[in-house]
Amino acid sequence: MKNSQRDKRIRALVKRLNVQRKKQAKQIDILCNDIIQAHRGFIANLEKLAFTAQFSESIIGINALDHLFYCAAGVIRQHFPQESLIFCVKKENDYNLYSFEADNYEVTESQRMEQYLTSELVNAVINSGRLCKIDDLLEMGLQINPTIAKKLSVATIPLADNGPVAGFILLYNTSEKELTESRLEKLAAIRRSLSLAIKSCTMTQHTNN
């Protein structure tokens, strides 16, 4: 009888130890996952800061819009090599487009986004003052073949420095690499620097004229 009771106590103790061990293992897994996520976030923030610093340094002292966007595109394409870029800048009642195609893939004529940027669509994007993707652009009046639209990943980033929106960056690709929120946040980090540089170039141009 004594041996039987002792065995029961041992089994109960082992059971409690197993439950406690599983609970601790689960807590350790949660803690490790939190540490990994925090580390990834830290790395992402460092990359964003490095990108912003590199970008700001590359456009210091530029006073011509053509040169500004050429330099801006050069830095951006180092980090977004698969994407083509369009800078759209508001100009009184009109707008200017500066296009830069990706080097590592070829787009067909029907996939070039600049041809679809009508005055109405440009104004709608600028007035929205927010990040827009292909579905948003379609709602705003983008006229494009649905078959072509399905093959494109498109996003616009508004250009503003806590004031009126000066235009936007349009980024697009025909690859399978999605324009994720984290990638777009990285690009959005340079919009204030670029907006201020655009304003400076515009003022210089008006002064020279």
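Residues numbered from 1 in each chain as written. Predicted model: local features only at pLDDT ≥ 70, side-chain atom pairs only at ≥ 80, totals over all residues. Heavy atoms only, no water.

*Asks:* Got a minute to help me understand the overall build of the protein chain in this structure?
*Replies:* The secondary structure content of the protein chain amounts to 7 helices and 5 strands. Going residue by residue from the N terminus, the α and β elements of the protein chain occur as α-α-β-β-α-β-α-α-β-β-α-α. By residue count, 33% of the 209 residues in the protein chain fall in the buried class. A fraction of 58% describes how many contacts in the protein chain between residues 6 or more apart in sequence connect residues 24 or more apart. Of the roughly 13,300 Å² of accessible surface on the protein chain, 52% is carried by carbon and sulfur atoms. (Helix = DSSP H or I, 4+ residues; strand = E, 2+ residues; numbered from the N terminus. Buried < 20%, exposed > 50% of the residue type's maximum accessible area, 1.4 Å probe, protein only. Contact = heavy atoms within 4.5 Å. Areas by Shrake-Rupley, 256 points an atom, 1.4 Å probe, with all protein chains shown as cover.)

*Asks:* It is not clear to me how the nonpolar core should be interpreted in this structure. Could you clarify?
*Replies:* Counting residues in hydrophobic clusters, the biggest one holds 30 residues, and the most contacted among them are Leu 68, Phe 69, Ile 76, Phe 87, Ile 169 and Leu 194. Ranked by residues supplied to this core, first place goes to helix H2 (residues 65–79) with 7 residues. Once residues within four sequence positions are removed from consideration, Leu 68 is found in contact with Ile 59, Ile 62, Leu 194, Ala 197, Ile 198 and Cys 201. Leu 121, Val 122, Ile 126 and Ile 134 belong to the second largest nonpolar core, which has 22 residues in total. (Core = buried A, V, L, I, M, F, W, Y, C linked by side-chain atoms within 4.5 Å.)

*Asks:* Explanation requested: the packing of aromatic side chains in the structure shown.
*Replies:* We describe a pair of aromatic rings using the distance from one ring centre to the other and the angle between the two ring planes. Applying the stated rule across the entire model yields 4 aromatic pairs. A ring pair is formed by Phe 87 and Phe 100, whose centres lie 5.9 Å apart and whose planes are at 75°; its orientation type is edge-to-face. Of the two residues, Phe 87 sits in strand E1 (residues 84–91) while Phe 100 sits in strand E2 (residues 94–100), which places them 13 residues apart along the sequence. Residues Phe 87 and Phe 100 agree in their burial class; the two are buried. Above the ring of Phe 51, the side-chain terminus of Lys 186 is found at 5.6 Å from the ring centroid. (Phe/Tyr/Trp six-rings, centres within 6.5 Å; stacked < 30°, edge-to-face > 60°. Lys NZ or Arg CZ within 6 Å of the ring centre and 35° of its normal.)

*Asks:* Help me understand the pairing of strand E4 (residues 153–159), please; the structure alone is not making it clear to me.
*Replies:* Successive residues of a regular strand alternate their side chains across the two faces of the sheet. The buried fraction of E4 is high, at 7 of 7 residues. Here E4 shows no split at all, with Ser 153, Ala 155, Ile 157 and Leu 159 on one side and Val 154, Thr 156 and Pro 158 on the other all buried. The pairing of strand E3 (residues 132–133) with E4 spans 2 bridges and is antiparallel. For Lys 133, the partnering residue across the bridge sits in E4 and is Ala 155. As paired strands, E4 and strand E5 (residues 167–173) are joined by 7 bridges and run antiparallel to one another. Residue pairing for E5: Thr 156 is matched across the bridge by Leu 170. (Pairing = 2+ DSSP bridges.)

*Asks:* Looking at this structure, I do not really get the environment of Leu 137. What am I missing?
*Replies:* When you line up the elements, Leu 137 lands in helix H4 (residues 134–139). Placed 12 residues apart in sequence, Leu 137 and Val 125 show a C-alpha to C-alpha distance of 7.7 Å. Leaving out residues up to four positions away in the same chain, Leu 137 has contacts with Leu 121, Val 125, Cys 132, Leu 142, Val 154 and Thr 156.

*Asks:* Where do I start with the pattern of salt bridges in this structure?
*Replies:* Oppositely charged side chains can pair when the atoms bearing their charge come close. Summed over all chains, the structure comprises 4 salt bridges. The salt bridge involving Arg 183 is made with Glu 83; its shortest N-O contact spans 3.2 Å. You can see Arg 183 sitting in helix H6 (residues 181–188) and its partner Glu 83 sitting in the loop between H2 and E1, a full 100 residues away along the chain. For Arg 183, a relative accessible area of 13% corresponds to the buried category. For Glu 83, a relative accessible area of 0% corresponds to the buried category. Between Arg 130 and Asp 136 there is a salt bridge, with its nearest N and O atoms 3.7 Å apart. (Salt bridge = Lys/Arg side-chain N within 4 Å of Asp/Glu carboxyl O.)

*Asks:* What should I look at first to understand the side chain of Ser 84 in this one?
*Replies:* With respect to the helices, strands and loops of the structure, Ser 84 is situated in strand E1. What makes Ser 84 buried here is its relative accessible area of 1%. There is a polar contact of 3.0 Å between the side chain of Ser 84 and the backbone nitrogen of Ala 102. (Polar contact = N/O pair within 3.5 Å; in protein donor to acceptor, adjacent residues only side chain to side chain.)

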